[in-house]
Amino acid sequence: MATGSGDSVGLASNHDGQEAASNAVQSVQSGAAAVLSNVPASGPARSASPPVLGLHREPMYNWQATKSSLKERFAFLFNNELLSDVRFIVGKGRQAQRIPAHKFVLAAGSAVFDAMFNGGMATTSAEIELPDVEPAAFLALLRFLYSDEVHIGPETVMTTLYTAKKYAVPALESHCVEFLTKHLRADNAFMLLTQARLFDEPQLASLCLDTIDKSTADAINAEGFTDIDLETLCAVLQRDTLSIRENRLFGAVVRWAEAECYRQQLPQTSENKQKVLGKAPPLTADC
């Protein structure tokens, strides 16, 4: 079976390659779902994992007559083998799904797909493998390209944002960021700040920092605080607008360092805590 691969664009510049970025997104998606677990999804109710094909079963003959608008006709073709001229193998291993699509629709909505199908090095493969993309997120992207419908929720918003950036669909990016911004709270501000930095979303990052400034104690006591990356921690510690006493902030930094030692399988000594903190403010010897 001949296969091709999609090109990635628009990822944050501080990450090396689409595989690393994809792994980073997937590693925090479960945490995002947890802190946003009480948030309703955007769009009609749906199963968490889409079916392998989920193809339309309506009669094929004269189906056009049953659709009164261009939007309805294109929406009918979403995830439909009818008239499809390309198929994607999305995901890895047993979780991979085979998804049909139509080159014209994809190229009309994404410069990346346009280059993939019509550029100077256009693929001629009938099936294209996308191991770094989650099937649910790819279906959300296609649904948007076919019908302008937005289907995102706490379980898929991060991977959908990654996919929208990968295929340069800024309108869907904006919907994802709006979803995250709407549900920004002190207890998820650090997690969302990490994602905003990963995806180079300065507006969301600024809102997260404002929330952390105003509710610093609640933010550092959140379950996900010790899971943030060092760069995000340093960015917050450099601020002089945090509303918290220095001794409590110091205690939070120690907790983060202990968690990082555990992740790196290092003994929780003062030296190792300072080592994992890198360029962050130094800890004293009795920490």
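Residues numbered from 1 in each chain as written. Predicted model: local features only at pLDDT ≥ 70, side-chain atom pairs only at ≥ 80, totals over all residues. Heavy atoms only, no water.

(A) Representation of helix 6 (residues 157-166) in the model. In terms of residue burial, helix 6 counts as a mostly covered element, since 10 of its 10 residues are buried. The set of residues buried in helix 6 consists of Val-157, Met-158, Thr-159, Thr-160, Leu-161, Tyr-162, Thr-163, Ala-164, Lys-165 and Lys-166. Immediately beyond the C-terminal end of helix 6, within one or two residues, lies Ala-168, with a positive phi of roughly 55°. (Buried < 20%, exposed > 50% of the residue type's maximum accessible area, 1.4 Å probe, protein only. Helix = DSSP H or I, 4+ residues; strand = E, 2+ residues; numbered from the N terminus.)

(B) Highlighting the pairing of strand 2 (residues 86-90). Most of strand 2 is tucked away, with five of its five residues classed as buried. Of the two faces of strand 2, the one holding Val-86, Phe-88 and Val-90 and the one holding Arg-87 and Ile-89 are both buried throughout. Both strand 2 and strand 3 (residues 97-101) contribute to a ladder of five bridges, which runs antiparallel. Within strand 3, the residue paired with Arg-87 across the bridge is Pro-100. Alignment of strand 2 against strand 4 (residues 127-130), held across four bridges, turns out to be parallel. The partner of Arg-87 across the bridge, within strand 4, is Glu-127. (Pairing = 2+ DSSP bridges.)

(C) Spatial organisation of the side chain of Asp-132. Structurally, the position occupied by Asp-132 is in the loop between strand 4 and helix 5 (135-147). Using a relative accessible area of 2% as the deciding quantity, one classes Asp-132 as buried. Side chain to side chain, Asp-132 and Tyr-162 meet in a polar contact 2.5 Å long. A polar atom in the side chain of Asp-132 sits 3.3 Å from the side chain of Lys-166. (Polar contact = N/O pair within 3.5 Å; in protein donor to acceptor, adjacent residues only side chain to side chain.)

(D) Up close: the packing of helix 5 against helix 6. Helix 6 packs onto helix 5 with a crossing angle of 55° between their chain directions and a minimal axis gap of 8 Å. When the axis of helix 5 is compared with that of helix 6, the two are oblique. In this structure, the crossing between helix 5 and helix 6 has a hand that is right-handed. Contacts between helix 5 and helix 6 involve Ala-137, Phe-138, Ala-140 and Leu-141 on the former and, on the latter, Thr-159, Thr-160, Thr-163 and Ala-164. For the contact of helix 5 with helix 6, the residue count by class is five nonpolar, three polar and no charged. (Axes fitted to C-alpha atoms, helices over the stretch in contact; angles between N-to-C directions. Parallel < 35°, antiparallel > 145°, perpendicular 65-115°, else oblique. Left-handed = near helix turned anticlockwise from the far one by under 90°. Contact = heavy atoms within 4.5 Å. Nonpolar A, V, L, I, M, F, W, Y, C, P; charged D, E, K, R; others polar.)

(E) Highlighting the side chain of Ser-147. Following the sequence through the fold, Ser-147 ends up in helix 5. Looking at Ser-147, the relative accessible area reads 4%, which means it is buried. Side-chain polar atoms of Ser-147 contact the backbone oxygen of Arg-143, separated by 2.7 Å. Discounting residues that sit within four places of it in the chain, Ser-147 has contacts with Lys-71 and Ala-75.

(F) The nonpolar core, seen in detail. Among the nonpolar cores identified, the biggest contains 73 residues, and Phe-88, Leu-106, Phe-113, Phe-138, Leu-142 and Tyr-167 are the most heavily contacted of them. Sequence-distant contacts of Leu-142, defined by excluding residues within four places in its chain, comprise Phe-78, Ile-99, Pro-100, Ala-101 and Leu-106. (Core = buried A, V, L, I, M, F, W, Y, C linked by side-chain atoms within 4.5 Å.)

(G) Examining the packing of aromatic side chains more closely. As enumerated under the stated definition, the model contains nine aromatic pairs in all. For the pair Phe-190 and Phe-225, a centre-to-centre distance of 5.0 Å together with 70° between the ring planes defines the contact as edge-to-face. Remark: Phe-225 occurs in the loop between helix 10 (216-220) and helix 11 (230-237) and Phe-190 occurs in helix 8 (residues 189-198); sequence separation between them is 35 residues. Just as Phe-190 is buried, Phe-225 falls in that class too. A cation sits over an aromatic face here: Arg-263 above Trp-256, 6.0 Å from the ring centre. (Phe/Tyr/Trp six-rings, centres within 6.5 Å; stacked < 30°, edge-to-face > 60°. Lys NZ or Arg CZ within 6 Å of the ring centre and 35° of its normal.)

(H) The arrangement of unusual backbone geometry in detail. Here the phi dihedral of Asp-148 falls at roughly 65°; this positive angle occurs in a residue that is not glycine. Mapped onto the secondary structure, Asp-148 falls in the loop between helix 5 and helix 6. Under the relative-accessibility criterion, Asp-148 is labelled exposed at 57%. In the Ramachandran plot, Ala-168 falls in the positive-phi region, its phi being about 55° despite a non-glycine side chain. Structurally, Ala-168 is set in the loop between helix 6 and helix 7 (170-182). Classification of Ala-168 as partly exposed rests on a relative accessible area of 28%.

Functional significance is not addressed by these values, which are geometric in nature.
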